[in-house]
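# Residue-level structural notes
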There are 2 protein chains.
Amino acid sequence: MSQKKAVVLLSGGIDSATTLAIAIDMGFTPYVMTFRYGQRHLVEVEAAEKVTKSLGVKDSICVDIDLGSFGGSALTDAIDVPKDRNEDVAADEIPITYVPARNTIFLSYALGWAEVLKAYDIFIGVTAVDYSGYPDCRPEFIEAFQSMANLATKEGVEGRPFTIHTPLITLTKSEIISKGNALNLDYALTHSCYDPSETGLACGHCDSCIHRIKGFAEVGIPDPTKYI
Amino acid sequence: MSQKKAVVLLSGGIDSATTLAIAIDMGFTPYVMTFRYGQRHLVEVEAAEKVTKSLGVKDSICVDIDLGSFGGSALTDAIDVPKDRNEDVAADEIPITYVPARNTIFLSYALGWAEVLKAYDIFIGVTAVDYSGYPDCRPEFIEAFQSMANLATKEGVEGRPFTIHTPLITLTKSEIISKGNALNLDYALTHSCYDPSETGLACGHCDSCIHRIKGFAEVGIPDPTKYI
């Protein structure tokens, strides 16, 4: 039986790794796309490679893009990553770790590759729960991107539309971890920290570490991450 | 008086060069964004640099992106560029020179830079008349991109929306050339050919050359292009 192809965006964090495991579980043949985007922490890209290998993915590409060339984010610039943010405050503001148009650019590349592959399914691990308040993680953004994608492309215009899958969008971090656990995903391979040490240890205090620690605690299983 | 900033996408062809001249004429301070996207003809990027310089643009960036890494187009792959296509046939099909998701990727980068600059105006020289039938040159695509952009970004979500300007979208090639001429744009600096010779001479037979030659003939002014 020939399987359906899907392009899966993978950063190397919990969410995208779980999304990849879900796409495989749904029966898709995954084409994994990772980005080197001038992150301050390339340990994220290495995590993506480990996850790709452990899940037996055959086709993957790592695209070099230079978001750092126009700056504007603590994740690509020499701006301090905020630590120990109060959760109530955090929910109300878009933090400095927001990278302008990041998911738009990532999904645009995924769309280009998907069209070449004739893969009509694209997976992205965004979640609008337990997240960092980024506008490009919300369902209304994803719907707008999908509509745009089907007007932008030869395949879309000719009646073979693309679907953007966001299997995590309504899940909490602990629900995501439970799901991945059920699919035997090894979270020791993933990386979450926005501001790791030079040897790759997680800081334990950025938004991303806080969400991860809280998620594992809620599920009641040990977080395999090595913290400073 | 402080001028409004605008990000202007410039390829080095007639359309984008005219768009840049129009943005300047409208009083915007242009931030010019050009791409090296694995084109077979880097002469296009050189043309963009010449146009940028001749119009006195102060801020410009050239972003390296590797659309060639996933292929699928005669403009980025080792596929022959079609020559002397019949115009009636040409109008009905999307040609092999179509680059998957190209304008989506270009506009996504422009959006990212615009958000960093706090420039709420983005210019792109697409035209839905005398064009090559690309889906991502149509007004419905541009409208969908703008809606998506204002859901994707911090600025958009916080009530400072972006506008995608397409000043050429209803103009024929000859109207575009007339407009640029009126703005003293030097078309000798621009480049159109999809398949130039190694020394940068235009082929005269691809869709892009055909539109250019026809446009200049209709305006009744000499085409400064050097053809093979």
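Since the structure is predicted, the reported quantities are computational estimates derived from the model, not experimental observations. (Residues numbered from 1 in each chain as written. Chains lettered and ligands numbered in written order. Predicted model: local features only at pLDDT ≥ 70, side-chain atom pairs only at ≥ 80, totals over all residues.)

## Observations concerning the overall build of chain A
What counts, and what does not: Numbering goes from the N terminus for both helices and strands, where a helix is a DSSP run of H or I of at least four residues and a strand is a run of E of at least two. Any residue with 12 or fewer other C-beta atoms within 10 Å of its own C-beta is exposed, any with 20 or more is buried, and the rest are partly exposed; the C-beta atoms used are placed from the backbone. Each residue gets a C-beta atom placed from its backbone, and two residues are in contact if those atoms lie within 7 Å.
Summing up its helical and strand segments, chain A has eight helices and five strands in all. What you see in chain A, going N to C, is helices and strands ordered as β-α-β-α-β-α-α-β-α-α-β-α-α. In chain A, which comprises 228 residues, the share counted as buried stands at 53%. For chain A, contacts bridging at least 24 residues in sequence account for 70% of all contacts bridging at least 6.

## Comments concerning the packing of helix α7 (residues 173-182) of chain A against helix α8 (residues 207-219) of chain A
The axes of two packed helices give the description: the angle between them and the distance between them. Residue and element names in this part refer to chain A. To keep it simple, the criterion reads: For helices, the axis comes from a line fit to the C-alpha atoms of the stretch in contact; other axes are also lines fit to C-alpha atoms, and the angle between any two N-to-C directions lies between 0 and 180 degrees. Two helices cross in a left-handed way if the nearer one is turned anticlockwise from the farther one by less than a right angle. They cross in a right-handed way if the turn is clockwise.
As a packed pair, α7 and α8 sit with axes 8 Å apart at the nearest point and diverge in direction by 65 degrees. Relative to α8, the crossing made by α7 is right-handed. On α8, the residues that touch Lys173, Ser174, Ile176, Ile177 and Ser178 of α7 are His211, Lys214, Gly215, Phe216, Glu218 and Val219.

## Focus on unusual backbone geometry
Glycine aside, the phi torsion of most residues is negative, and most peptide linkages are trans. All names here are of chain A. Even without being a glycine, Ala101 presents a positive backbone phi close to 60 degrees. You can see Ala101 is positioned in the loop between α3 (87-92) and α4 (102-117). Take Ala101: there are 28 C-beta atoms within 10 Å of it, and that puts it in the buried class.

## Some thoughts on the interface of chain B and chain A
Going by this rule: For this scheme, ten residues count as nonpolar: Ala, Val, Leu, Ile, Met, Phe, Trp, Tyr, Cys and Pro. Four count as charged, namely Asp, Glu, Lys and Arg, and the remainder, Gly too, count as polar.
Each partner contributes residues to the interface: chain B has 37 residues there, and chain A has 37 residues. Elements supplying a minimum of two residues to the side of chain B that touches chain A: β3 (59-64), α4 (102-117), α5 (139-152) and α6 (154-157) of chain B. A per-element tally of the side of chain B that touches chain A places α4(B) first, with ten residues. For the side of chain B that touches chain A, the residue count by class is 22 nonpolar, nine polar and six charged.

## Topic: the relation of the copies chain B and chain A
What counts here: Fitting of the copies onto one another was done by least squares over C-alpha atoms, counting residues only where both copies have pLDDT of at least 70.
Overlaying chain B with chain A gives an RMSD of 0.0 Å, the required rotation being 180 degrees about an axis along which the chain moves by 0.0 Å. Within this description, the copies of the chain are treated as partners about a two-fold rotation axis. Comparing contact sets, 100% of the residues at the interface of chain B also lie at the interface in chain A, consistent with an isologous, same-surface contact.

## Quick word on the nonpolar core
Formally: Among buried residues, those of type Ala, Val, Leu, Ile, Met, Phe, Trp, Tyr and Cys that are joined through C-beta atoms within 7 Å form a set called a nonpolar core.
Membership of the largest hydrophobic core comes to 118 residues, with the highest contact counts inside it found for A:Ala110, A:Ile122, B:Ala110 and B:Ile122. Residues contacting A:Ile122, with those up to four places away along its chain left out, are A:Ala6, A:Val7, A:Leu107, A:Ala110, A:Leu111, A:Ala114, A:Phe162, A:Ile164 and A:His165.

## Quick look at the packing of helix α5 (residues 139-152) of chain A against α5(B)
To be explicit about the condition: Should an angle fall under 35 degrees it is called roughly parallel, over 145 degrees roughly antiparallel, and 65 to 115 degrees roughly perpendicular, with every other angle called oblique.
It is the contact of α5(A) with α5(B), at a shortest axis distance of 9 Å, that shows an interaxial angle of 160 degrees. One element, α5(A), and the other, α5(B), form an angle in the roughly antiparallel class. Read as a crossing pair, α5(A) and α5(B) show a hand that is left-handed. Residues A:Glu140, A:Phe141, A:Ala144, A:Phe145, A:Ser147, A:Met148, A:Leu151 and A:Ala152 of α5(A) lie in contact with α5(B), whose contacting residues are B:Glu140, B:Phe141, B:Ala144, B:Phe145, B:Ser147, B:Met148, B:Leu151 and B:Ala152.

## Description of the sheet that holds strand β1 (residues 5-9) of chain A
Residue and element names in this part refer to chain A. Basically, it comes down to this: By this definition, two strands are paired if DSSP reports at least two bridges between them.
Read from one edge to the other, the open sheet built from five strands follows the order β3-β2-β1-β4-β5, with strand pairing classed as parallel. The open sheet is flanked by β3 (59-64) and β5 (163-165), the only strands paired with a single partner. On average, each strand axis in the sheet is inclined to that of its neighbour by 25 degrees, with strand direction left out of account. Here strand β2 (residues 29-36) runs beside β3; their pairing, made up of six bridges, is parallel. Among the inter-strand pairings, Met33 is bridged to a residue of β3, identified as Ile61. In this fold helix α1 (residues 14-25) packs onto β1, β2 and β4 (121-123), with an angle of close to 170 degrees to the strand it touches most, β1.

## A few points about the sheet that holds strand β5 (residues 163-165) of chain B
Residue and element names in this part refer to chain B. Within the open sheet, the five strands sit side by side as β3-β2-β1-β4-β5. Their pairing is parallel. Two strands bound the open sheet, and with one partner strand each, they are β3 and β5. In this sheet, adjacent strand axes meet at a mean angle of 25 degrees when their direction is disregarded. Bridge count for strand β1 (residues 5-9) against strand β4 (residues 121-123) is three bridges, and the pairing is parallel.

## A word on the confidence of the model for chain A
Using the following cut-off: What pLDDT reports is the predictor's confidence in each residue, on a scale of 0 through 100.
The predicted model of chain A has a mean per-residue pLDDT of 88, with 87% of residues at 70 or higher. Two summary scores accompany this predicted model of the complex, namely pTM at 0.90 and ipTM at 0.88.

## As for the pairing of β1(A)
Residue and element names in this part refer to chain A. Put simply, the rule is: Call a crossover right-handed when, viewed with both strands pointing away from you, the route from the first strand across the helix to the second goes clockwise.
Counting buried residues along β1, four of its five residues qualify, which places the element largely inside the surrounding structure. Bridging between β1 and β2 involves five bridges; their strand directions are parallel. Of the residues in β2, the one forming a bridge with Leu9 is Met33. Taken together, β1, α1 and β2 form a β-α-β motif whose crossover is right-handed.

## With respect to the environment of A:Ile228
Residue and element names in this part refer to chain A. In this fold, Ile228 is placed in the segment after α8. For the pair Ile228 and Leu185, spaced 43 residues apart in sequence, the C-alpha separation works out to 24 Å. Residues within four places of Ile228 in sequence aside, it is in contact with Ser197, Leu201, Ala202, Cys203 and Gly204.

## Here's the deal with the environment of A:Asp84
With respect to the secondary-structure elements, A:Asp84 resides in the loop between β3 and α3. Placed 134 residues apart in sequence, A:Asp84 and A:Glu218 show a C-alpha to C-alpha distance of 19 Å.

## Examining helix α7 (residues 173-182) of chain B
All names here are of chain B. How we decide: Taking the helix axis as origin, the arc is that swept by the directions to the C-beta atoms.
Taken together, the buried positions of α7 are occupied by Lys173, Ile176, Ile177 and Gly180. Buried residues along α7 cover an arc of 95 degrees about the axis, so they all sit on one side. Where α7 is buried, its residues contact α1 (14-25) and α8 (207-219). Trailing α7 by a residue or two, Asn184 shows a phi angle of about 60 degrees, which is positive.

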